[in-house]
Amino acid sequence: KFPDFFSGLQPAKGILVARNWALFNAAELAVGILELLFLLTAWKTYRLLVAALVFMLLAPAAMLSVAFPTSMDRRLRFSIAGVSWCALLACALLLSAGTAVHASLLGLLLLAFLGFISNDVPGWVRPRGDMDWWSPSVRCSLPNGFALLGMAT
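What comes next concerns the included structure. Each chain has its residues counted from 1, following the order in which its sequence is written. Where local features are concerned, this predicted model is filtered to residues with pLDDT of at least 70; where side-chain atom pairs are given and counted, the filter is 80 or more; whole-chain, interface and lining totals use all residues. Only hydrogens and water are set aside when side-chain values are computed; all heavy atoms of the structure are taken into account.

A look at the overall build of the chain
Only DSSP runs of H or I covering at least 4 residues are called helices, and only runs of E covering at least 2 are called strands; the numbering of each starts at the N terminus. Each helix and strand counted, the chain has five helices and zero strands in total. The order of α-helices and β-strands along the chain, N terminus first, is α-α-α-α-α. Think of it in three bands: with a 1.4 Å probe and only protein chains considered, a residue is buried below 20% of the maximum accessible area for its type, exposed above 50%, and partly exposed in between. Looking at the 153 residues of the chain, the share that counts as buried comes to 11%. Sequence-distant contacts, at least 24 apart, represent 33% of the contacts inside the chain between residues at least 6 apart. By element, 74% of the accessible surface of the chain is carried by carbon and sulfur atoms, the whole surface being about 12,300 Å². Contacts are assigned to residue pairs that have any heavy atoms within 4.5 Å of one another. The Shrake-Rupley method, run with a 1.4 Å probe sphere, supplies the accessible areas, and residue values consider only the shown protein chains as cover.

Written out as structure tokens, the structure reads:
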């Protein structure tokens, strides 16, 4: 923008024209900086949204991979769990047979429950000592209310 300013500057036409030309170029510079910042913000927002969507898609698969036998490699367990979870999501979205999909989801969750018990995942069956807060009484709080509302809908 600086070369544009000097190429269009005409001092022979007076100081008012030079001031107006400088103000016009300063406004153009501000618009260019704002566009650059907007593009950077939009790119960062896009990257954050994609990362959040991938995390949302694969977080249940990571939970399921913990339930697989520990004799398998960690990456293989996650790959199998990820493919099975994504296939189940695709079936839920594409197929109209809702009962079969719900039954397979229930079976998958039951297998995960049994896998957690058989792998003795810390904190799943019994408390981990001072690291966990376990209590038989239910606390009435706003986050617990939101969790119940989320399960009910």
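Here we look at the environment of L89
Topologically, L89 is positioned in helix α3 (residues 74-94). Residue L89 is classed as partly exposed on the basis of its relative accessible area, which comes to 30%. Measuring from C-alpha to C-alpha, the distance between L89 and L105 comes to 9.3 Å, with 16 residues separating the pair along the chain.

Side note on the environment of A62
Locating A62 in the fold gives a position in helix α2 (residues 15-67). Between the C-alpha atom of A62 and that of F78, which follows or precedes it by 16 residues, the distance is 6.2 Å.

Some remarks on the pattern of salt bridges
Salt bridge, as used here: a side-chain nitrogen of Lys or Arg that lies within 4 Å of a carboxyl oxygen of Asp or Glu. Enumeration according to the criterion identifies one salt bridge in this entry. The residue R75 makes a salt bridge to D73 at a minimum N-O spacing of 3.4 Å.

Overview of α3
Given a rise of 1.5 Å per residue, 21 residues ought to cover 30 Å, and the 30 Å separating the end C-alpha atoms of α3 matches this to within 8%. Buried within α3 are the following residues: R77, A81, G82, W85 and L88. Across the axial projection of α3, the buried residues extend over an arc of 135°, all falling on one side. Of the exposed residues in α3, the ones pointing more than 90 degrees away from its buried face are R75, V83, L93 and L94. Between the first and last residue of a helix there are one fewer steps than residues, each counted as 1.5 Å, and that sum is the expected span. Working definition: the arc comes from the directions between the helix axis and the C-beta atoms, pointing outward to the latter.

What to know about the side chain of R77
The topology assignment puts R77 in helix α3. All tallies of charge rest on Lys and Arg as positive and Asp and Glu as negative; His and the ends of each chain are not included. The buried charged residue R77 lacks any salt bridge, with D73 as its nearest oppositely charged partner at 7.0 Å. Beyond its immediate stretch of four places on either side in the chain, R77 contacts S65, V66, F68, P69, T70 and M72.

Some points on the nonpolar core
As used here, the term nonpolar core means buried Ala, Val, Leu, Ile, Met, Phe, Trp, Tyr and Cys residues forming a set that is joined through side-chain atoms within 4.5 Å. By size, the foremost hydrophobic cluster in this structure holds ten residues: A61, L64, A67, A81, W85, L88, V101, A112, F116 and V121. Counting only elements with at least two residues in this core, the list comes to α2, α3 and α4 (98-118).

A word on the packing of aromatic side chains
Aromatic ring pairs are defined here through the distance separating the ring centres and the angle between the ring planes. Each pair of aromatic rings taken from Phe, Tyr and Trp, with Trp reduced to its six-membered ring, is defined by centres within 6.5 Å and is described as stacked if the planes are under 30 degrees apart, edge-to-face if over 60, and tilted in the remaining cases. For the coordinates displayed, the defined rule picks out two aromatic pairs. Centre to centre, the rings of W43 and Y46 are 5.5 Å apart; their planes meet at 35°, and the pair counts as tilted. Here the residue W43 and the residue Y46 both occupy positions in helix α2, the gap between them amounting to three residues, near one helical turn. Its relative accessible area of 48% is what places W43 among the partly exposed residues. Classification of Y46 by relative accessible area gives partly exposed; the value is 48%.

Some details on α2
Along its 53 residues, α2 runs 77 Å from first to last C-alpha, staying within 8% of the 78 Å computed at 1.5 Å per residue. Along α2, the largest kink reaches about 40° and is centred on L58; proline P60 follows within four residues of it. Considered for burial, the residues of α2 that qualify are A18, N25, A61, L64, S65 and A67. A residue's bend is simply the angle between two axes: one fitted to the seven residues ending at it, one to the seven starting at it.

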